[in-house]
Amino acid sequence: MSTRLATGGRRIDRTKPLSFTFDGSRLTGFAGDTLASALLANDRMLVGRSFKYHRPRGIVAAGVEEPNALVNLGTGARHEPNQRATTTALFDGLVATPQNVWPSLDHDIGAVNGLFAPALAAGFYYKMFLYPRAFWKHVYEPFIRRSAGLGRAPDPAHDDPDRYEHFHAFCDVLVAGGGVAGLQAALVAGRAGRRVLLLEQTTDWGGRAPVDGGTLDGLTVDDWIGRAVAELTSRPNVRLRTGVMVAGVYDHGYVLGYETVADHTPGAAAPRHRLWRIRATQIISATGAIERPLSFAGNDIPGVMLASAVRDYIAHYAVSPGDRVVVVTNNDDAYRTALAVHRAGLAVPVILDARPSGGGALMAEARAAGLRVETGRAIAKVQGGKRVTGVTICAQAGEGAVLDTIACDVVAMSGGWSPVVHLWSHCGGKLIWDDARALFRPDATRPPTDQTGAGFVTCAGGANGAMTLAEVMADAGGAAAPQVAAPTEAPLAPVWLMPQGAGVKLRSKAWLDFQNDVKVSDVQLAAREGYQSVEHAKRYTTLGMATDQGKLSNINGLAILSDALGQPIPQTGTTTFRPPYAPISMGAIGGAARGDVFQPVRRTCLYDWHEAAGAHWEPVGQWRRPYCYPRAGETHADAVRREITATRTSLGLLDASTLGKLVVKGADAGKFLDLIYTNMMSTLPVGRCRYGLMCNENGFLIDDGVVARLSDDTFLCHTTTGGADRIYAHMEDWLQTEWFDLQVYVANVTEHWAQFAVVGPNARRVLENLGGMDGSNAALPHMNWAAGTLGGVTARVFRISFSGELSYEIAVPASQGRAFWDMLLAAGAAFDATPYGTEALHVMRAEKGFIMIGDETDGTVIPQDLGLDWAISRKKADFIGKRGQERMRMQDPDRWKLVGLETLDGSVIPDGAYAVDAGRNANGQRNTQGRVTSTYHSPTLGRGIAMGLVRRGPDRMGEVIEFPKLDGSSVKARIVSPVFYDPKGEKQDA
Amino acid sequence: MHDAVSALAGATVSGRVTVSDGGLRGMVTLRGDLASPAVAAALQAVAGMAMPGLRRVVLNGDRGALWMSPDEVMILLPHRDADAMATALTAALAGTHHLAVNVSDARAVLRLTGPDDALRETLAKLAPVDMDLFAVGDIRRTRLGQVACAFWMTDSGTVELICFRSAARYVFDLLSVTVAEGGAVGHFG
């Protein structure tokens, strides 16, 4: 059994007991424990079930590489699945439940899957569930959904009660990893005066060196770490922090760090997680190495652990994983575990060293301690079900004939170490296979490169392939490396399968990926079935696709694949290392962006008034605009009808503040606008307004609006609401990169002005009531503007109309917008001044046949398609889009062009409906000859009206075309002029 | 002047840092060749301000000049004086290519006050700015959360920040969340 030892434990504080529950049982641990160490201290080795076969799963590792010990953490709103017990700090009141168990951890009905294991081999989804087709929906999928999947998704009824945040940091040198290599690298950079940020993912400095022994500059490793941390802390140019995992490295030295701030203090005021967004000139990856499992039959039975983890639990947490520990290895390092177990007073019945001649000094030390060492030996099979009970021993060189059986409750395995090359690889650093050490390590000649072509990531220590303390310090420390005293180690012997001649029965019980249930036999099957690419084999077998992303399984898996393909390991290569290094929370990624500040909501100066008036909001980009103002008992459609009728018969008021307003000034302003717009702007007289179109280089319409000439060298360009920022950038782009010789400056004054449309037959009376400016036809005819003072407020009045009615758009400074709106309401009260929203605006412009960017245009429409030829100058030598519009396809007479559509039965054509044509296309779909772009019920005309693009539409006036509806019926419409209302334009000139 | 109001109408919130509405402020955008003696002379003569250096501000009470880009400065002044300032600059620079325009109501001003390290942390949580290198008299045009902003440090305990008027509430709310107690990083100072 696993238990707490009476003494020791460098991370725990025995004076601070903590209470927690696992699977409903109340258990205790100590401050400093991880959930995994506390579970082991309570003899909880079995912690979950595997993904596919529901095999019992125990704790394998002591760190971030743990594949099995994933739990549901927390309850209610704070419940979160797939939390790694080995990296979860224990806290008082922690509640965890096992995952993937049904009905219970001890008695899992899904384990019956194991009986069908041959059917669930590699590619089982593809093979098994294809036939009969109907079985997928009713038999296979429900079964898979019930038995597969890890963890339980958080209850969508609960909002995450915690907060999260980002933090931007900058440094010259980012050191990822606070082991002895990282500390040494930080010391070197710090002493050189560089601005250093050192981040360590655990709560502890020094990595695994304190557990592994040796001395540095004559000090114990712990003492050296204390000295190094003290020096770093004292340096003003160095910052160091634990609890932050460097999750990813990106272009231009951008690095993401993941800080777990308050996971262990739920409900605290602190943000739960913090995402560090770092710019580093140089990144030193000192992320160490991860021990590899060995592939032998039954290596997934709870109690089989990484050798390093066994001694970590003893040293850090004073937890004994078991009373009798068999050590199996292909290298010297695992002897440290045997010695640690022995020194803890526990039994090591045998050390199985797969190397025929065994190891070096550490083996001698073990033998001197009286431990039995068997060289050239392997595990034939692990005995046990929910816990290891023993092992059978065989010759590594053989096929598994049993030589001996030994009782034990833990197997400590070591297949060598793999450098954590993730951060090196995220941005394109290449790897090289080190045959002597049997590992992939960074190829220093092919680093990830920055914008100058120089490498910006280097590796130090274990991450660079250095394996012994002496190598690590030499690699990280350069000339300043401390003096190291540690045993020399004999070379390891690569062992990818144990025993090497294991038959199919053993191979199909030798796990590579514990979480996803991928065995040696699965990878070999994939190879036989033709999967030669490691990326394909990964996806076919799901090797390395679990939440641990193959930290333990990848190298072993590709070695097996290489062997099956009969090619050397470097020829097979690795799968791609992608960020994040380990899963990070969605909350951290979102940061503060949630709730009210999930996205910016842009508000005009009337926002509060609109809300108080009961506006139904329409999002327009990030703006909120009133769609309509429904009164009690009104539907939205009712409100829109009322607003339109009031406007057309008396007086409507619209908040048009969101319209873009760009001031364009300079000696070349007219010349510039002639290039930007399709029509001529340089001839516009001061005081006049002109409607203009803007196209992109391809000739497609991108924006429209009214241009007013403010003075000889100054224009005011109105854009669409969504176009303000985009068109401003468009103008700056052309001015800064193409026409830098033009004397033109642009300023975006959109938000300086509140702008209100005063619309309807009584509009002029409002101006008269306010007083100060003359709105008569003589003083201010249609398409003119004037500056002045209205009711005491500085104003610009534009006589422009998007509704077809007599209309003034009045701009006042935004700080006075609300006050001026109140004045408008008062001045218009006698005429039943009716605020109207965007839908009324849309319907009224459609009644007049005015186009709307985004409705009649979709990025493939040229002005000529919309009958706007009159707004395209033929006199100008050039404008943006001119050449594009001259292309053959744009001149095609068969292009779909704008027309009005009048339904024969008066109904409204569904939005987006297509007009069908005779025949079918190559896909068997009915041919089309046009589509609806805007469609409304017109209260003015009392019928459905629409605009649409129809093949040769303007040549086909009076023809009836047919629009199928989703319900199978169709609606017929006559092609008519798009101007339904006041075609002569008498109202706007009234 | 009829009932001119700022977007945040005097809102204030306190946490590790106090965030408050900076009220109405006159702002005039001056675009021109900042290196030209004529533009600098006009700025000095009309606004009484020296030309700010790269990413720097020149401040004098409630007046100031902010470097916005190589061809743009923002002049700060009392709100009521902005139109006259734009007109006077336009007159002073007649014949020199430039653009002077009153943009006072296009933006909202927020004031952040508090301990220097808390101020720096607050901004570092929202803006991709190297706050180690940010000093009194510096300005950065950057983004705050998801919107554009600019901020400058007037003294070691005060930062002024401008954003577009329509985003004022978002910025205020975002800062309110960010300055909440319990979020100390301990990165500065």
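Residues numbered from 1 in each chain as written. Chains lettered and ligands numbered in written order. Predicted model: local features only at pLDDT ≥ 70, side-chain atom pairs only at ≥ 80, totals over all residues.

Enquirer: Outline the overall build of chain A, supporting the account with residue identities and numerical values.
Expert: Secondary structure summary: chain A contains 26 helices and 52 strands in total. Overall size of chain A, expressed as C-alpha extent along the three principal axes, is 115 × 70 × 55 Å. Each of the 990 residues in chain A was classed as buried or not, and the buried ones make up 55%. Look at the contacts in chain A between residues 6 or more apart in sequence, and 66% of them connect residues 24 or more apart. (Helix = DSSP H or I, 4+ residues; strand = E, 2+ residues; numbered from the N terminus. Buried ≥ 20, exposed ≤ 12 C-beta atoms within 10 Å, placed from the backbone. Contact = placed C-beta atoms within 7 Å.)

Enquirer: Got a sec to walk through the overall build of chain B? Specific residues and values, please.
Expert: Within chain B, the regular secondary structure consists of four helices and eleven strands. Relative to the 2.2 N^0.38 estimate, which gives 16 Å for 189 residues, the radius of gyration of chain B is 17 Å and therefore close to what a compact globule would have. Of all 189 residues assigned to chain B, the portion counted as buried reaches 52%. Summarising the internal contacts of chain B: among those between residues at least 6 apart in sequence, 60% fall at separations of at least 24. (Rg over C-alpha atoms; globule rule 2.2 N^0.38 Å.)

Enquirer: Give a detailed account of unusual backbone geometry, specifying residues and quantitative values.
Expert: Residues and elements named next belong to chain A. Cis geometry marks the peptide bond from Met498 to Pro499, where omega comes out at -10°. Its place among the elements puts Pro499 in the loop between strand E31 (484–485) and helix H12 (504–507). Cis rather than trans, the peptide bond between Pro579 and Pro580 has omega equal to 0°. Relative to the elements of secondary structure, Pro580 occurs in the loop between helix H16 (569–572) and helix H17 (586–590). In this model, Asp43 sits at a positive phi of 60°, which is unusual for a non-glycine residue. Structurally, Asp43 can be placed in the loop between helix H1 (35–41) and strand E4 (46–49). The backbone of His54 shows a phi angle near 55°, a positive value even though the residue is not glycine. Assignment of secondary structure puts His54 in the loop between E4 and strand E5 (56–58).

Enquirer: Please provide a residue-by-residue account of the interface of chain B and chain A, values included.
Expert: Across the boundary between the two partners, chain B contributes 43 residues, which contact 41 residues of chain A. Only strand E3 (26–31), strand E7 (99–102), helix H3 (116–126) and helix H4 (168–178) of chain B provide two or more residues apiece to the side of chain B that touches chain A. Among the elements that line the side of chain B that touches chain A, the one with the most residues is H4(B), at six residues. Of the residues belonging to the side of chain B that touches chain A, the class tally is 19 nonpolar, 14 polar and ten charged. (Nonpolar A, V, L, I, M, F, W, Y, C, P; charged D, E, K, R; others polar.)

Enquirer: Describe the sheet that holds strand E8 (residues 107–113) of chain B, with residues and values.
Expert: All names here are of chain B. The six strands are arranged E1-E2-E8-E11-E10-E9 in an open sheet whose pairing can be described as antiparallel. A strand with exactly one partner marks an edge of an open sheet, and here the two such strands are strand E1 (12–14) and strand E9 (139–144). Neighbour-to-neighbour, the strand axes of the sheet open up by a mean angle of 25°, direction not taken into account. As paired elements, strand E10 (residues 147–155) and strand E11 (residues 158–164) share six bridges and run antiparallel to each other. Along E11, the bridge assignment pairs Phe151 with Leu161. (Pairing = 2+ DSSP bridges. Axes fitted to C-alpha atoms, helices over the stretch in contact; angles between N-to-C directions.)

Enquirer: Can you explain the pairing of strand E28 (residues 431–434) of chain A? Please cite residues and give values.
Expert: Residues and elements named next belong to chain A. Note: E28 against strand E29 (residues 439–442), four bridges, orientation antiparallel. By the bridge assignment for E29, Ile432 is matched with Arg441. The antiparallel pairing of E28 with E29 creates a hairpin that spans four residues between the two strands, and Ala438 there sits at a positive phi of about 55°.

Enquirer: Residues and numbers for the nonpolar core, please.
Expert: Ranked by internal contacts, the top residues of the largest apolar core, which has 262 residues, are Ala186(A), Val28(B), Ile75(B) and Val171(B). Considering every element that reaches this core, the biggest residue donor is strand E9 (residues 164–176) of chain A, with nine residues. With residues near it in sequence (within four places) discarded, Val28(B) still touches Ile75(B), Ala82(B), Met85(B), Ala86(B), Leu89(B), Ala100(B), Val101(B), Asn102(B) and Val103(B). (Core = buried A, V, L, I, M, F, W, Y, C linked by C-beta atoms within 7 Å.)

Enquirer: Describe the pairing of strand E52 (residues 970–976) of chain A, with residues and values.
Expert: All names here are of chain A. When strand E47 (residues 896–903) meets E52, the two strands line up antiparallel, connected through four bridges. Across the sheet, the residue bridging to Gly900 is Val976, located in E52. One ladder, built from five bridges, connects strand E51 (residues 960–964) with E52; its direction is antiparallel. Bridge pairing links Phe963 to Val971 in E52. Between the antiparallel neighbours E51 and E52 lie five residues, among them Gly968 with a positive phi of about 100°.

Enquirer: Lay out the packing of helix H4 (residues 180–191) of chain A against helix H11 (residues 469–477) of chain A with the relevant residues and their values.
Expert: All names here are of chain A. The N-to-C vectors of H4 and H11 enclose an angle of 25°; their axes lie 8 Å apart at closest approach. In this view, H4 runs roughly parallel relative to H11, as classed from their interaxial angle. In this structure, H4 meets H11 at a crossing whose hand is right-handed. For the pair H4 and H11, the contacting residues are Val180, Ala181, Gln184, Ala185 and Val188 in the first and Val472, Met473, Asp475, Ala476 and Gly477 in the second. Grouping the constituent residues of the contact of H4 with H11 by class yields seven nonpolar, two polar and one charged. (Parallel < 35°, antiparallel > 145°, perpendicular 65-115°, else oblique. Left-handed = near helix turned anticlockwise from the far one by under 90°.)

Enquirer: Outline the packing of helix H22 (residues 763–770) of chain A against helix H23 (residues 817–827) of chain A, supporting the account with residue identities and numerical values.
Expert: Residues and elements named next belong to chain A. Contact geometry for H22 and H23: axes closest at 9 Å, N-to-C directions at 115°. Here H22 lies roughly perpendicular to H23, going by the angle between them. Where H22 crosses over H23, the two elements pack in a sense that is right-handed. Contacts between H22 and H23 involve Val766, Asn769 and Leu770 from the former and Met823, Leu824 and Ala827 from the latter. Of the residues in the contact of H22 with H23, the class split is five nonpolar, one polar and no charged.

Enquirer: Run through helix H8 (residues 334–343) of chain A, naming residues and quoting values.
Expert: Residue and element names in this part refer to chain A. The buried count for H8 comes to eight of ten residues, which makes it a mostly enclosed element. Those residues of H8 lying buried are Ala334, Tyr335, Arg336, Thr337, Ala338, Leu339, Ala340 and Val341. Along its buried surface, H8 packs onto helix H5 (209–212), helix H7 (307–317), strand E20 (325–329), strand E21 (351–353), helix H9 (361–368) and strand E26 (410–414). Gly345 sits one or two positions beyond H8 and adopts a positive phi of about 85°.

Enquirer: Explain the sheet that holds strand E23 (residues 377–384) of chain A to me, and be specific about the residues and the numbers.
Expert: All names here are of chain A. Strand order in the open sheet formed by three strands is E23-E24-E25, with antiparallel pairing between adjacent strands. Two strands lie at the open edges of the sheet, namely E23 and strand E25 (404–407), each paired on one side alone. Strand-to-strand, the axes of this sheet are offset by a mean angle of 25°, without reference to chain direction.

Enquirer: Outline H11(A), supporting the account with residue identities and numerical values.
Expert: All names here are of chain A. With seven of its nine residues buried, H11 lies for the most part within the structure. Along H11, the residues classified as buried are Leu469, Ala470, Val472, Met473, Asp475, Ala476 and Gly477. As for H11, its buried residues are in contact with H4, H5, strand E11 (215–216) and E31. Remark: Gly478 follows H11 within two positions and exhibits a positive phi of approximately 55°.

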